[in-house]
Amino acid sequence: MWDRWREFRRRQREALRESNRPWGEVPGQVGEEDVRLQRDLLSTVLPPVEGANRPAPAPPAEGRPATADAASAAAAGAAAAEATGAPPAEAAAEGAAEGRRFGPAGRPLNRQSPFYVGFVGAFGVIVALGLWHLIGRLGTVITLIVVALFLTLALDPIVSFLTRRDIKRPAAVAIVFAGVVVVFTLLGLLVVPPVVDQGTQLVQEAPSYVNHVLDSRVVRQVDRDYHVVDKISSEFNKRITDSTFLSQVFGGVLGAGRAVLTGVFQFFTVLILTLFFLANLPKVKGAAYGMVPASRRPRVISLSEEIMRRTGSYAIGQVAVATINACFSWLMMTIVGIPYAAVLAVLVGVLGLVPMVGASLGAGLVCTVALFDEPRKAIIALIYYIVYQQVENYLVVPRIMQRTVSVPGAVTVVAALAGGTLLGILGALLAIPIAAGLLLLYEEVLLPRQHRH
């Protein structure tokens, strides 16, 4: 091992020494004679420059014929050609053939040089850090693009269904997008008015709630012992007159308003991107497939189309399952008399989009609200959701999801946990289609290749 290491270090030193030697220098020749020979060699290789004042060639040395100088120049040219690895004639004509007026190029940089390795490595690290920082700054934009692409893949099967009915794609896209806008508008009209009414009612009844709490027997007893009400009043007046506290409060209110405006802007941005992607999806796919080598293009196209088809089918199926859950939940809450039925039904539908745990979270939310209203209603809601979960798992989901790729349970749980940890609810939504695509690539690409080898 040490012999191999010493041999490697020797070759590295020789390569470094060769890369640092000037062009045309022949090992073992030093002194003014070498300089003169190199100048004569350059004068024979380089073409004369018209109009240039060139010094006259030096006369031959006494006692030495001109033929000796020519022979020495030829010998030096042969030695230089041998050092560069090219024949003498090719070495002499290389500069003129390649259009180089100043002779052929010298040796390339020694890539085993510590300076070269360190500089290139440091430059690569700087580029990687810059890309990472750039991706971090563009995280929100990338998230919006991913959401828009996911919605595009979810709506594209509906557009394809309409195009198969002799409807042109622009008209089909317009119909589908109008339907999406109508659905979101109805959800907004269904959720926003109850929230506004209940918030207004809470603000109007807040003084009565405060008086009711202050008039309670427990609060009066604590106030007699510790003078809590006076301390709270003095602290409240102190906070009201404090400019720092007021700036913090208004800063928080402004921050909440800014967050709401940002959310509305991102919502409309996703809708616009979805419309553009949906209208130009064939062109986008064609441009992406065009970057694949022609020999691999048919297989890449078939696999990509299958992944996109299954992803769209999964998204439509998940939305259908969540919608059915929300409708039946609203019907149950209306019959039982659970308050805020419309708002809770929308929340159940949104949570139902999350795989594995979404339906259970929605059921827990409804049961909690019913428990605060009346325990008997909570028991009825709990029994309903236990029965509905069995019906959904064994009847509804298999019929709706029969065209989507089947993902093993363990992979589903791991993918949902990983996606939720990375990107929250959005990651949990995208985890199952991504896992399905990776499983398809595993079955169709990796396993056949492993079997062949």
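Heads up: the structure comes first, above all this text.
Let us look at the structure shown here. As a convention, each chain's residues are numbered from 1 in the sequence order in which they are written. Given that the model is predicted, a residue must reach a pLDDT of at least 70 before its local features are reported, and side-chain atom pairs must reach 80 or more before they are shown or counted; all residues, however, enter totals for whole chains, interfaces and linings. No hydrogens and no water enter the side-chain calculation; it runs on all heavy atoms of the structure.

**Quick notes on the overall build of the chain**
A run of DSSP states H or I qualifies as a helix once it reaches four residues; a run of E qualifies as a strand once it reaches two. Both are numbered from the N-terminal end. For the chain, the helix and strand inventory stands at 16 helices and zero strands. When accessible area is computed with a 1.4 Å probe and restricted to protein chains, residues below 20% of their type maximum are described as buried, those above 50% as exposed, and intermediate ones as partly exposed. Considering the chain as a whole, with its 453 residues, one finds that 24% of them fall into the buried category. Note on definitions: a residue-residue contact is assigned when non-hydrogen atoms from the two residues lie within 4.5 Å. Within the chain, contacts between residues separated by at least 24 positions form 64% of all contacts whose residues are at least 6 apart in sequence. Note on areas: Shrake-Rupley, 1.4 Å probe, and residue coverage restricted to the protein chains presented here. Of the roughly 31200 Å² that the chain leaves accessible, carbon and sulfur atoms contribute 69%.

**So, the packing of aromatic side chains**
Only Phe, Tyr and Trp rings are paired, with Trp represented by its six-membered ring, and only when their centres lie within 6.5 Å; those with planes under 30 degrees apart are stacked, over 60 edge-to-face, the remainder tilted. Following the criterion strictly, the structure yields six aromatic pairs and no others. On the numbers, 5.9 Å between centres and 20° between planes, the contact of Tyr 384 with Tyr 388 is stacked. Here the residue Tyr 384 and the residue Tyr 388 both occupy positions in helix α15 (residues 375–400), the gap between them amounting to four residues, near one helical turn. In this pair, the class of Tyr 384 matches that of Tyr 388, namely buried.

**Structural notes on the nonpolar core**
Counting 17 residues, the largest nonpolar core has Met 332, Met 333, Ile 338, Leu 344, Val 366, Ala 381 and Tyr 385 as its most contacted members. Listing elements by their share of this core, those giving two or more residues are α12 (297–336), α13 (341–352), α14 (358–373) and α15. Apart from the residues lying within four places of it in its own chain, the contact partners of Met 332 are Ile 338, Val 366, Ala 381, Tyr 384 and Tyr 385. Residues enter a nonpolar core if they are buried and are Ala, Val, Leu, Ile, Met, Phe, Trp, Tyr or Cys, with the set joined through side-chain atoms within 4.5 Å. The next biggest cluster of nonpolar side chains, apart from the first, holds ten residues, and it includes Val 159, Val 173, Val 180 and Leu 271.

**Things to note about the side chain of Lys 377**
Of note, Lys 377 is situated in helix α15. The class of Lys 377 is buried, set by a relative accessible area of 11%. In this structure Lys 377 touches Val 336, Gly 337, Ile 338 and Ala 370, once residues within four positions along its chain are discounted.

**Structural notes on the environment of Val 369**
Along the chain, Val 369 falls in helix α14. Remark: the alpha-carbon pair of Val 369 and Leu 344, spanning 25 residues in sequence, is separated by 9.0 Å. Apart from the residues within four sequence positions on either side, Val 369 is in contact with Pro 339, Tyr 340 and Leu 344.

**Section: the packing of α14 against α15**
Axis lines are fitted to C-alpha atoms, over the contacting stretch for helices. Their N-to-C directions set the angle, which ranges from 0 to 180 degrees. Where α14 meets α15, the closest approach of the two axes is 7 Å, and the angle between their N-to-C directions is 165°. Between α14 and α15, the angle is such that the two are roughly antiparallel. Crossing geometry of α14 relative to α15 is assigned as right-handed. In this structure, α14 contributes Ala 359, Ser 360, Ala 363, Val 366, Cys 367, Ala 370, Leu 371 and Asp 373 to the contact, and α15 contributes Pro 375, Lys 377, Ala 378, Ala 381, Leu 382, Tyr 385, Gln 389 and Glu 392. In this classification, the charged set is Asp, Glu, Lys and Arg, the nonpolar set is Ala, Val, Leu, Ile, Met, Phe, Trp, Tyr, Cys and Pro, and all remaining amino acids, among them Gly, are polar. Tallied by class, the residues present in the contact of α14 with α15 amount to eleven nonpolar, two polar and three charged. Orientation categories follow fixed angle ranges, with anything under 35 degrees roughly parallel, anything over 145 roughly antiparallel, 65 to 115 roughly perpendicular, and all other angles oblique. If you view the pair so one helix is near and one far, a crossing is left-handed when the near helix is turned anticlockwise from the far one by less than a right angle, and right-handed when it is turned clockwise.

**Structural notes on a positive patch on the surface**
The grouping of Arg 296, Arg 299, Arg 449 and Arg 452 at the surface amounts to a positive patch. By secondary structure assignment, the location of Arg 449 is in helix α16 (residues 409–452). On the accessibility criterion, Arg 449 (40% relative accessible area) is partly exposed. A patch consists of residues whose relative accessible area exceeds 30% and which take part in no salt bridge; residues with like charges are grouped when within 9 Å of each other, and nonpolar side chains (Val, Leu, Ile, Met, Phe, Trp, Tyr) when within 5 Å. A side-chain nitrogen of Lys or Arg and a carboxyl oxygen of Asp or Glu constitute a salt bridge if their distance falls within 4 Å. Two residue types count as positive, namely Lys and Arg, and two as negative, namely Asp and Glu; His and chain ends fall outside the count. A charged residue contributes its charge at one atom only: NZ of Lys, CZ of Arg, CG of Asp or CD of Glu.

**Here we look at the pattern of salt bridges**
All chains considered together, the criterion is met by six salt bridges. Here Arg 169 ties to Asp 156 by a salt bridge, and the two come within 3.1 Å at their closest N and O atoms. Of this pair, Arg 169 sits in helix α7 (residues 169–214) while Asp 156 sits in helix α6 (residues 139–163), and the two are 13 residues apart along the sequence. Taking the shortest distance from any N to any O, the salt bridge between Lys 285 and Glu 305 comes out at 3.2 Å. Of the two residues, Lys 285 sits in helix α11 (residues 281–290) while Glu 305 sits in helix α12, which places them 20 residues apart along the sequence. On the accessibility criterion, Lys 285 (19% relative accessible area) is buried. The exposure class of Glu 305 is partly exposed, given its relative accessible area of 32%. Connected through salt bridges with shared partners, the residues Glu 7, Arg 10 and Arg 11 form a single ionic network.

**Brief notes about the environment of Val 141**
By the secondary structure assignment, Val 141 is in helix α6. Judged by its relative accessible area of 44%, Val 141 falls in the partly exposed class. Residues Val 141 and Thr 269 lie 128 residues apart in sequence; the distance between their C-alpha atoms is 9.9 Å.

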